[in-house]
Amino acid sequence: MQEKTKQIIIEDYDSVCAYQETFGVPMPTINKDGSIDGLPAPYPRVINGVERSGYRIYELAQQAAATGIPVQNPILGRNTAEETYQEALEMYSMAEKLGINLFHFVHSEATRHIDPLKGRDLIEQSRGKGGITPLGERKLVELGGGSVHPMRINATGDTPHLSIINALIAGFDGTDIGPVIHVHFGGRGIHDYKTKVVNGIKALEICAENNIFVQIESHKHLNNIGGTDGMALAMCLLAEGLGVLAGLPAELSAVQMNVAGLNILADLAVMKAFKETMWSKSLIVVPETFQNPPGDLIAESAHFARMAISAKLGGANFYRPKAAESVGIPTGASMAKAIWATQNVFENTVAVEIRDPYIEERKQEILSEAMAVLERVLGLQRTLAPDEINETFWRQYSKDEMIEKIVQAGKAGVMDCPRAGGWDLKRHVKTHRDKDGIKRYIPGFTPLGVDDRRVAITTEPVVVPEEKKPTRKQKMVLATVGADAHVMGINLIREEFEKAGYEVIYMRGMNLPETVAEVAAEAKADIVGIANLLGLGRELFPRVEGRLKQLGLRDKVLLIAGGRISEKEEEHTFYEEKIANEGTGFLGVDGFFGPGTDPAQCVKWTEAALERRGL
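Draft legend 1. Looking closely at helix α1 (residues 3–11). Looking only at α1, the buried set comprises T5, I8 and I9. The buried residues of α1 all sit within an arc of 100° when viewed along its axis, so they share a single face. Looking at the packing, one finds that the buried side of α1 touches α2 (13–23), β1 (29–30), β2 (36–37), α7 (160–170) and α8 (193–210).

Draft legend 2. Structural context of the sheet that holds strand β8 (residues 174–176). Taken together, eight strands build an open sheet; the order of strands is β5-β12-β11-β10-β9-β8-β7-β6 and the sheet is parallel. Every other strand in the sheet has two partners, leaving β5 (71–72) and β6 (104–106) as the edge strands with one partner each. Of the pairings in the sheet, the one linking strand β7 (residues 151–154) to β8 comprises three bridges and is parallel in character. Its bridge partner being in β8, I153 is matched across the sheet by T175.

Draft legend 3. Structural context of the packing of helix α11 (residues 264–277) against helix α14 (residues 357–378). In contact at an axis separation of 8 Å, α11 and α14 are set at 50° when each is read in the N-to-C sense. What the angle tells us is that α11 and α14 run oblique. For the crossing formed where α11 meets α14, the hand is right-handed. Touching L265, A266, L268, A269, V270, K272, A273, E276 and T277 of α11 are Y358, I359, E360, R362, K363, I366 and L367, all from α14. Partitioned by chemical class, the residues of the contact of α11 with α14 number ten nonpolar, one polar and five charged.

Draft legend 4. Region of interest: the pattern of salt bridges. One pass over the full model with this rule turns up 35 salt bridges. With a closest N to O distance of 3.4 Å, E404 and K194 form a salt bridge. Taken together, the residues E404 in helix α16 (residues 399–411) and K194 in helix α8 connect sequence positions 210 residues apart. Residue E404 is classed as partly exposed on the basis of its relative accessible area of 35%. Between K272 and E276 there is a salt bridge, with its nearest N and O atoms 3.9 Å apart. Of the two residues, K272 and E276 both sit in helix α11, four residues apart, roughly one turn of that helix. Several salt bridges share partner residues, and in doing so they unite D229, R362, E365, D434, D436 and R440 into one network.

Draft legend 5. Main features of the packing of aromatic side chains. In this structure the tally under the stated criterion is eleven aromatic pairs. Centre to centre, the rings of Y19 and F23 are 4.7 Å apart; their planes meet at 55°, and the pair counts as tilted. Here the residue Y19 and the residue F23 both occupy positions in helix α2, the gap between them amounting to four residues, near one helical turn. Both residues of the pair, Y19 and F23, belong to the buried class. Measuring from ring centre to ring centre gives 5.5 Å for F593 and W605, while their planes differ by 75°; the resulting arrangement is edge-to-face. Pair noted here: F593 is in strand β19 (residues 591–593) and W605 is in helix α21 (residues 599–613), with a separation of twelve residues, a long-range link. The exposure class assigned to W605 is partly exposed, which follows from its relative accessible area of 28%. In this structure an aromatic cluster arises from ring pairing among F103, F213 and F318. Between the NZ or CZ atom of K430 and the centre of the ring of F445, over which it lies, the distance is 5.5 Å.

Rules behind the numbers
Residues numbered from 1 in each chain as written. Predicted model: local features only at pLDDT ≥ 70, side-chain atom pairs only at ≥ 80, totals over all residues. Heavy atoms only, no water. Buried < 20%, exposed > 50% of the residue type's maximum accessible area, 1.4 Å probe, protein only. Helix = DSSP H or I, 4+ residues; strand = E, 2+ residues; numbered from the N terminus. Arc of directions from axis to C-beta. Contact = heavy atoms within 4.5 Å. Pairing = 2+ DSSP bridges. Axes fitted to C-alpha atoms, helices over the stretch in contact; angles between N-to-C directions. Parallel < 35°, antiparallel > 145°, perpendicular 65-115°, else oblique. Left-handed = near helix turned anticlockwise from the far one by under 90°. Nonpolar A, V, L, I, M, F, W, Y, C, P; charged D, E, K, R; others polar. Salt bridge = Lys/Arg side-chain N within 4 Å of Asp/Glu carboxyl O. Phe/Tyr/Trp six-rings, centres within 6.5 Å; stacked < 30°, edge-to-face > 60°. Lys NZ or Arg CZ within 6 Å of the ring centre and 35° of its normal.

Here you go:
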């Protein structure tokens, strides 16, 4: 019983101990005779009076399939168990009024992305932001979390298997490992891509042995950073292959996907492509967020409602209601309103089948690309048919063989997207969102090694700027600070500064503030741009300034920052007003550019500031 789980604990015992020490939670221990204490029995298991099991979540998925109404999967996690529970009670109260059950996604602290054995400094400087702590998970269950509405926790990053052991001890029914293999998540944390894939499989093996429901992979994240639907489907299918080899039952596996709400026929086509090929028994649909939210949040709410229609008509098992907000973590009250609005859409939208040839054409376009990518990743010399992709198909490969094929494909640019974060993965592709709302490749920038006749290529006129040498004398260092893996916004800023002629040294995600200042000193940078989307700017930005002062460089460097002033919706206005009234001095920076800033305005402001200071 639990032989793989025990073996993983033994193999990675140093990391298990580091997790215990760093996060302050008791973890399993190895005795002198090799036995293990502190590992609870697998699910189903009664915890705090409730029988916990991933099959609780699968039962909700079956309910959705039978009724035609997706079960809502709201996301809400605060920095303490007490606060999370109190905020969640607002959601639970609304669910009770509506007579529905929820599948509560409890968002975890951002530090989970980091290996506690190798990145403790990054963890320590980013504590208490982004969601609930490992200790908070355990307390949340004790307070009553998950007693009616089953819960899952996210465990992405370097060492998801450690976070899942904690979730099993705490009593969470499910988890979010995925993306297991997405190249986007090569940038989350400090490990190389192969280590991430290996640790992802360990996480799947723990879920399989302990009956934990798992979101195994995500179309959403690749889609959000410019990837195509076909590439995302290929990656999700590969992750499912790893799930099969890990022994995970299909009933405990789910994939997540975006609907954009821009083109209902395109949304239905991508959902059909996934449902016809996926091995997992559950589909979790998530609304695509505005990249630049409108000032009027009522408009944003309407945008999310439109996508709820796609989710229902496409036959989703679960749907993520989205609370309109200008920051990261909504209140329980605003999420409760989103739950009410979403259920109203579900119950008052007629479940018609839309028969339009466009849906089938677009579905085939997605499947063609997905199969072409799979053929290249797996080294096949024949054309794959979508109906071949099943459990038997994946069992022809060994676990080690699959790991090697996936890693090599990532490093060769076969699996790629425009703003992927993996430091050791090859970058090549460029995409364009066409007028019909679909992302397609720009000619000449399709996935390397994949037959370009089998992928979706835009026919719209797109001008790709030629790479050119910097034309300005000023040099810029750009980085996120703290355990922040969000790289989309900072990539937009990088592209805008490069377009304006600046040389940009891009440090990607997750950096110590002092390291950024030291790189700026070594590079003789004139501008330093830093970002944090977790509401940690007040703590981390002044540390960059402090190190620049120690190096005698503060007066020689323009220091600008971006991100969220606060992660919580209710605190956001306070800090906006503080900046308006007092300036940015309390953040230790010369200028601050928050959510919704036009990158061109950031460049314009910087140029004027450089001129004023004679830099």
